[in-house]
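For reference, the chains in residue letters:
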Amino acid sequence: MVEIIPSILSADFARLAEEMARVERGGASMLHVDVMDGHFVPNITIGPPVVESIRKATRLHLDTHLMIDDPDRYAAEFVRAGANSVSVHYEACRHLDGTLETIRNAGAMAGVVLNPATPVAVLEDVLEVADYVLLMSVNPGFGGQKFIPYVLEKLRKLDRIRREKKLALPIEIDGGVHRDNLAEVVRAGCDWIVTGSAIFHSADAEGEVREMRGIAAGATAVRV
Ligand code: DX5
Ligand code: ZN
């Protein structure tokens, strides 16, 4: 089942509860929460207290993407705040295996994120202990950037590797996805599709989620 996951980074933070209810009405069952520390990426967003408040305002799955240095120090705290899945950057982890274990022991799904320039080959052995993989299709830090096309090939490659290893882990993509490139992303093997500005900067966030879910379902039907 392909999921369209609205990224609240592009939502109106002063009206977050309304924005989340809107995309839920459109059929979203997960929300993407971007955590940035001003070090790993040149932008600052939110921390555990805000995730805790978001948790109280929605029943949807909270998919938390940590774009921070030293994720070991904070990952479990985000699970305690209410995150259902927490992903950490390969590029930020000194002991990736241990970090994934910490997240899982805290009670959430543990994901690994790769920046666009990091090859999928680095994950070959760790795939067995990851619950999902997130491929960045923009350089992390900001919403509204342009999709980097070579990431499609990384997606196909990772899809091949997981089939060979008979692993069912979802592949997620994040950055620059909109109606026009969505079908191609799904056909390349993606399961969880994060999309921020395409949803929240549209005049009708609810309708946009519905529309994108329809496109994704159509593209899944032709996936081999
Ligand atoms: C970028 C974030 C993304 C961002 C995607 O660093 O990780 O989740 O919200 O936004 P769009 O869909 O606008 O590229
Ligand atoms: Zn993200």
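Scroll up a little and you will see the structure.
Here is a short report on the structure shown in this document.

About the criteria used
- Residues numbered from 1 in each chain as written.
- Chains lettered and ligands numbered in written order.
- Predicted model: local features only at pLDDT ≥ 70, side-chain atom pairs only at ≥ 80, totals over all residues.
- Heavy atoms only, no water.
- Donors = N, O, S within 2.8 Å, 3.2 Å for Na, K, Ca; no water.
- Helix = DSSP H or I, 4+ residues; strand = E, 2+ residues; numbered from the N terminus.
- Buried < 20%, exposed > 50% of the residue type's maximum accessible area, 1.4 Å probe, protein only.
- Near = heavy atom within 4 Å.
- Polar contact = N/O pair within 3.5 Å; in protein donor to acceptor, adjacent residues only side chain to side chain.
- Areas by Shrake-Rupley, 256 points an atom, 1.4 Å probe, with all protein chains shown as cover.
- 1 Å grid on protein atoms, 1.4 Å probe; cavity = no way out; pocket = protein on both sides within 12 Å on 5 of 7 lines; lining within 4 Å.
- Sits in = over half its atoms within 2 Å of the grid points.
- Nonpolar A, V, L, I, M, F, W, Y, C, P; charged D, E, K, R; others polar.
- Phe/Tyr/Trp six-rings, centres within 6.5 Å; stacked < 30°, edge-to-face > 60°.
- Salt bridge = Lys/Arg side-chain N within 4 Å of Asp/Glu carboxyl O.
- Points joined across faces, edges and corners; volume = space filled by probe spheres on them.

Now for the coordination of the zinc ion (ligand 2). The zinc ion (ligand 2) binds to the protein through His32 (NE2), Asp34 (OD), His65 (ND1) and Asp174 (OD), with metal-donor distances spanning 2.1 to 2.3 Å. Counting along the primary sequence, the residues that act as donors to the zinc ion (ligand 2) give the motif H-x1-D-x30-H-x108-D. In this pair, His65 is assigned in strand 3 (residues 61-67) and Asp174 in strand 7 (residues 171-174), connecting sequence segments 109 residues apart. The class for Asp174 is buried, based on a relative accessible area of 8%.

Let us look at the site of ligand 1. Neighbouring ligand 1 are 20 residues, the closest being Ser7, Asp34, Asp174, Gly196 and Ser197. Between ligand 1 and Gly196, the relevant distance is 2.7 Å, taken from an oxygen atom to a main-chain nitrogen or oxygen of the residue. Calculation on ligand 1 without its partners gives an accessible area of 390 Å², and the protein chains cover 99% of this total. Spatially, ligand 1 is embedded in the largest pocket. The greatest single-element share of the shell around ligand 1, amounting to three residues, is contributed by strand 2 (residues 30-36). Grouping the constituent residues of the shell around ligand 1 by class yields seven nonpolar, 11 polar and two charged.

A word on the packing of aromatic side chains. Evaluated as defined, the whole model comprises one aromatic pair. Between Tyr132 and Trp192, the aromatic rings sit 4.9 Å apart at their centres with planes inclined by 45 degrees, giving tilted as the arrangement. Of this pair, Tyr132 sits in strand 6 (residues 132-136) while Trp192 sits in strand 8 (residues 192-195), and the two are 60 residues apart along the sequence. The pair Tyr132 / Trp192 is uniform in exposure class, with both members buried.

On inspection of all chains with the given rule, the structure shows 14 salt bridges. The partner of Glu206 in a salt bridge is Arg25, and the shortest N-O contact between them spans 3.1 Å. Of the two residues, Glu206 sits in helix 8 (residues 205-221) while Arg25 sits in helix 1 (residues 16-25), which places them 181 residues apart along the sequence. Several salt bridges converge on common partners, so that one network encompasses Asp159, Arg162, Arg163 and Asp191.

For the rest of this paragraph, the subject is empty space enclosed by the protein. Applying the stated criterion across every chain yields a total of one cavity of 30 Å³ or more. When its volume is computed, the largest cavity comes out at roughly 30 Å³. What lines the largest cavity is simply Ile8, Leu9, Phe13, Val33, Asp34, Thr45 and Ile46.

Just geometry here; none of it tells us what the structure is for.
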